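# Per-entry structural report
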Amino acid sequence: MTEDPNVTQSDPMAVVDDAPGKVSLARQLSARPQIVLIAVLVVMILVTGVIEPNYLSVAGVRNSVLFAVPIGILAAGQTILMLTGGIDLSIAMIATASAYVAANQSPEGAAIAIVLGLLVGIAAGTANGIGVGVFRVNPLIMTLAMSGILLGLFTGWATTIFAGSKRMHDFIITLGRDTFFGGSVPWAAVVWAGVALVVLLVLRRTGYGRNLYALGDNAIAARLSGTRAWQVLVVAYALSGLLGAIAGLLLGGRVGAVDLQLASLFLLPSVAAAVIGGTSIFGGVGTYTGTILGALILGVLQSMLTFLNTGQAVQQVIYGLIVVGLSWMYTKLAASQ
Amino acid sequence: MTSADTTTEPTGRSFATLKRWGQRHGWTLGVWILLVVLVVWYSTLIPKFGGFQVTNIINGGTSWIFLAAAQAVVVIAGGIDLGVGGLLVLTSVTGARLMDGQPFGVILIIAIGIVLAAALINGIVGWVITASKVPDIVITLGSLYIYQGLALMILPKVGGGSSDTFRWLFTGSATGIGTNPWPAMVMIAIPMLIVSWWMGRTRSGLSLYALGSDSNAAFLSGVSAKRTKITAYAVGGALCAVAGFSSLAISGVGNATTEGGNLTLNSVAAIVLGGVALTGGIGSLVAVVPAALILFFFNPILSALGVNPNQAQVVQGVLIVIVMMVAGLIEWRRRRRS
C-alpha cells in the first residue's frame, strides 16, 4: 500500500521521459485544442479562396461573417445551457417569435419594437427555465414543447392579430443588413461583438458564470457548496431566450420581413457550432471562444458551399460530415491531454 | 420478517403484491388506460365512429410507433438518435425510387434490402459513436443532416411510388384510404412482439438495459459496450426503415423535403410519454407503442373538438409539459419516501 503513491507519482514523469522531442507539439495542441480550430478555419478560408479567388477580399470575408452572426449569437445561448447540461431546442422559434412581435410593434418606433421583441424572448426563456429548473422537466422535452407551443401560437396569430405586420422598422433593418466603413463592417457583426464580450465576461469573470460550470460539472457538489440550482437555471434559460431574441431581430432586419420559417434553419447549426467549439453536451466543459470559432467555421463553410454551387443535398451531407469529423477530432485531442 | 409475512392475511399479501405490481407497471397501465379513454371519448365526439376512423388512426400512427420504437431501443441502451427522422425520410424515398412499377416479389426483395441497408448504415453511426467517444446527440445530429441530404440526392423531386399490394400491407387498401385496420395492426404487432421479446428475453437484448443503466457495471459483468451500442443503433435503423415504408404506403409517393428533425422530436416525445428514461436503462415497448399512438391521436381528437391545427399544436405542447411535470413530481415523491 505504501508503495502505491510512488508508482502513480512516477507515471507522468515516465511519459515525459519517453519522448522528450515529440511531446511539445502534441502536448501544446491537446492543451489548447482551439489552436486546431483556428488552423481548420484558416485552411477552410484558403480552400475557399482557391475555389473562388474573389473570396479573399473584404466583401468575401464579410459575407462569411454575416452567415456566422445569427449562428454565433444563437450558439451563445446553447453554450450557456450546455454548460449546465441542458440544451435549447426552442431558441430558433423564440427568435422567430421575437421578430414577429418586433415587426408588429415597428410602427410604434424602433425602441418599443426592440424592447418588446427582447421581452418575448426573455419570457419564453424564463418559462423554459421554470420547467427545467423548478419542475425538473428534461431540457430536451421542455424546450421542444416550448417550440411547438410557440409555433402553434404564432401560426395562428400570423393571420389574425399579427396579420399585415410583416415589415421591420428601418433601424432594425439597418442593424441586420447595413455596413459602415465603406461597406466593410456589418452592423450585425458589431452587435455580435458586443454580445460576445458580455457572454465571455459573464462566463469567465463572474460568480454566476462559475455557478454555471459548477452545476454542469457536478450538480450535487454545486448544491452542497451553496449554489441554488433552480435560480441559476431559470436565469440561464432566460439568457438563452434573450440571445435568441437578439438573433431573431437581426435576422428579421436582414430579411426585412418576417415569416414563420425565419430562424428554423439556424437551430441545428447553433448546436453544431457549440459542439464543434468543444462545449460538452454533458455540461461543465466549454468556452464561448470555441463556440465563436465554431460559428465562423460554419460561416466559411456556407460561403464555400455557395461557391461550389452544389445543391442543397450535397450541402447537407457535407455539413453533417463536418459536424461529425470536427467533434471527433476535438474529442480525440481532449482525451490525449 | 418471515414470521410477520406468514401471519398477515392472504388478502393483505395479495394487496401488497398488487401494489408492487402497480408500482412496477403503473406507468404502462396508465398509458394504455389513457389510450382507451381517448378512443372512447373520441367515439362520442364524432357523429359516426367506425372502421374508417379506426383505420385512419392505426395507419397514421404506424410510422410514429416504429419511429418511437427505434428511438426507445437506442435510448434504453444509453444513447439518443436524432437521426431517426432523417432515416425515415431516406428509406421512404429510396423505396419510392426503387419500387415504382415493380412486381410485388421484387418489391419484397427491395424492402428487405432497404431494411438491411438501414440497419448497416445506422450501425456504422453507432460504431462512429463508440470509436470517437463523442456524445450520441452530436454524432446523430450529423447523421440527421447526412440522411436528409442523401434523401434529396436520391429523389430530388416528389415522386416515385410503390405497388398496390405493398400499400395494402400497411394501410389495408390499395389507395391508402380504407376501412380495414387489420393489415396495419399485424404489421405493427409482429415486429413489436419480436423486438420486445428480443429486448426482454435474450442476452443481447438485455445487455441494452445493462449498458443503459450503468455502463461500468455492464462492462464488469462482461457486456461489450461497443457491440451493444452498435446493435442498438442497427436495430433502430431497421425499425426506421419500416416506419419509412409505412409513410410511403400511406402517401403513395416519396418526398425528400419532409422535415426529418420534426419526426425525430415526435419520437423523443413519444418515448418520454411511454415511460422510457432519457438517462437510459428504463422502459419497454409495451408502453411506447400506445404512447406513440396517443401522440398521433391528439390531432384527430382536437380537430373533432373544433380546435384548429395551430391551437392543437399549442395544446399538445402544454400537455406534454404537464405530463412531464407530473411524472417528475411522482418520481420526486417516491425518492423522498424511500
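Residues numbered from 1 in each chain as written. Chains lettered and ligands numbered in written order. Predicted model: local features only at pLDDT ≥ 70, side-chain atom pairs only at ≥ 80, totals over all residues.

With that settled, the discussion passes to the overall build of chain A. When its secondary structure is counted, chain A shows 15 helices and two strands. The buried share of chain A, reckoned over its 337 residues, is 48%. Contacts in chain A between residues at least 24 apart in sequence constitute 77% of all its contacts with a sequence separation of at least 6. (Helix = DSSP H or I, 4+ residues; strand = E, 2+ residues; numbered from the N terminus. Buried ≥ 20, exposed ≤ 12 C-beta atoms within 10 Å, placed from the backbone. Contact = placed C-beta atoms within 7 Å.)

In this section: the overall build of chain B. Check the secondary structure of chain B and you find 14 helices and zero strands. Each helix and strand of chain B, ordered N terminal to C terminal, gives the series α-α-α-α-α-α-α-α-α-α-α-α-α-α. In summary, chain B has a C-alpha radius of gyration of 21 Å against a globular reference of 20 Å for 338 residues, a match within 12%. Seen through its principal axes, chain B has C-alpha atoms that stretch 75 × 55 × 35 Å. In chain B, buried positions account for 47% of the 338 residues. For chain B, the proportion of contacts with a sequence separation of at least 24, taken over those separated by at least 6, is 78%. (Rg over C-alpha atoms; globule rule 2.2 N^0.38 Å.)

Core analysis: the biggest nonpolar cluster contains 207 residues, and Ala95(A), Ala68(B), Ala69(B), Val73(B), Val288(B) and Ala292(B) have the highest contact counts within it. Among the elements that line this core, the one with the most residues is helix α12 (residues 229-255) of chain A, at 15 residues. Not counting residues within four places of it along the chain, the set of residues in contact with Ala95(A) comprises Leu74(A), Gly244(A), Ala245(A), Ala247(A), Gly248(A), Leu251(A), Leu262(A) and Ala263(A). (Core = buried A, V, L, I, M, F, W, Y, C linked by C-beta atoms within 7 Å.)

Secondary-structure assignment places Ser251(B) in helix α11 (residues 225-251). On a C-alpha basis, the gap between Ser251(B) and Thr175(B) in space is 8.8 Å, while along the polypeptide they are 76 residues apart.

Residues and elements named next belong to chain A. The terminal C-alpha atoms of helix α14 (residues 288-308), which comprises 21 residues, lie 30 Å apart, in line with the 30 Å expected from a rise of 1.5 Å per residue. Most of α14 sits out of view: 15 of its 21 residues are buried. Positive phi shows up at Asn309, right after α14, with a value of about 60 degrees. (Expected span 1.5 Å × (residues − 1).)

Turning next to the interface of chain A and chain B. Of the residues lining the interface, 39 residues belong to chain A; the matching set on chain B comes to 37 residues. Listed by contribution, the elements that provide at least two residues to the side of chain A that touches chain B are α7 (139-158), α13 (267-276) and α15 (312-335) of chain A. Per-class residue counts for the side of chain A that touches chain B are 26 nonpolar, twelve polar and one charged. (Nonpolar A, V, L, I, M, F, W, Y, C, P; charged D, E, K, R; others polar.)

It is worth spelling out the confidence of the model for chain B at this point. Residue and element names in this part refer to chain B. Residues of chain B with pLDDT of at least 70 account for 96%, and the chain-wide mean is 87. When pLDDT is averaged over each helix and strand of chain B, the minimum, 46, is found for helix α1 (residues 2-7) and the maximum, 95, for helix α5 (residues 104-132). Segment residues 1-8 is flagged for pLDDT under 50; beyond a separation of four residues in sequence, or across chains, it makes one contact in the model. Two numbers describe this predicted complex: its pTM, 0.83, and its ipTM, 0.80. (pLDDT = per-residue confidence, 0-100.)

In this section: α13(A). Three or four residues apart is the spacing at which side chains of an α-helix point the same way, because the helix has 3.6 residues per turn. Within α13(A), ten of the ten residues are buried, which leaves it mostly tucked inside the rest of the structure. Every buried residue of α13(A) is accounted for by Leu267(A), Leu268(A), Pro269(A), Ser270(A), Val271(A), Ala272(A), Ala273(A), Ala274(A), Val275(A) and Ile276(A). Residues of α13(A) that are buried sit in contact with α4 (58-83), α5 (91-105), α14 and α15 of chain A together with α6 (136-154) and α12 (260-273) of chain B.

A positive phi angle, near 60 degrees, is found at Arg136(A), a position not held by glycine. Residue Lys133(B) is not a glycine yet carries a positive backbone phi of 60 degrees. Among the structural elements, Lys133(B) can be located in the loop between α5 and α6. Given 11 C-beta atoms within a 10 Å radius, Lys133(B) is considered exposed.

Attention now moves to the packing of helix α4 (residues 84-99) of chain B against α11(B). All names here are of chain B. Two elements in contact, α4 and α11, have axes separated by 7 Å at closest approach and are oriented at 55 degrees. Classed by the angle they form, the pair α4 and α11 counts as oblique. In this structure, α4 crosses over α11, and the sense of that crossing is right-handed. On α11, the residues touching Val84, Leu87, Leu88, Thr91, Ser92, Gly95 and Ala96 of α4 are Gly236, Gly237, Cys240, Ala241, Ala243, Gly244, Phe245, Ser247 and Leu248. (Axes fitted to C-alpha atoms, helices over the stretch in contact; angles between N-to-C directions. Parallel < 35°, antiparallel > 145°, perpendicular 65-115°, else oblique. Left-handed = near helix turned anticlockwise from the far one by under 90°.)

With that settled, the discussion passes to the confidence of the model for chain A. Summing up the model confidence of chain A, the mean pLDDT is 85 and the portion of residues at 70 or higher is 90%. Note on residues 1-18 of chain A: pLDDT under 50 across the span, and one contact to partners over four residues away in sequence or across chains.

Let's shift gears to the environment of Val307(B). Here Val307(B) lies in the loop between α13 (285-304) and α14 (309-337). It is 31 Å that separates the C-alpha atoms of Val307(B) and Gly83(B), two residues lying 224 residues apart in sequence.

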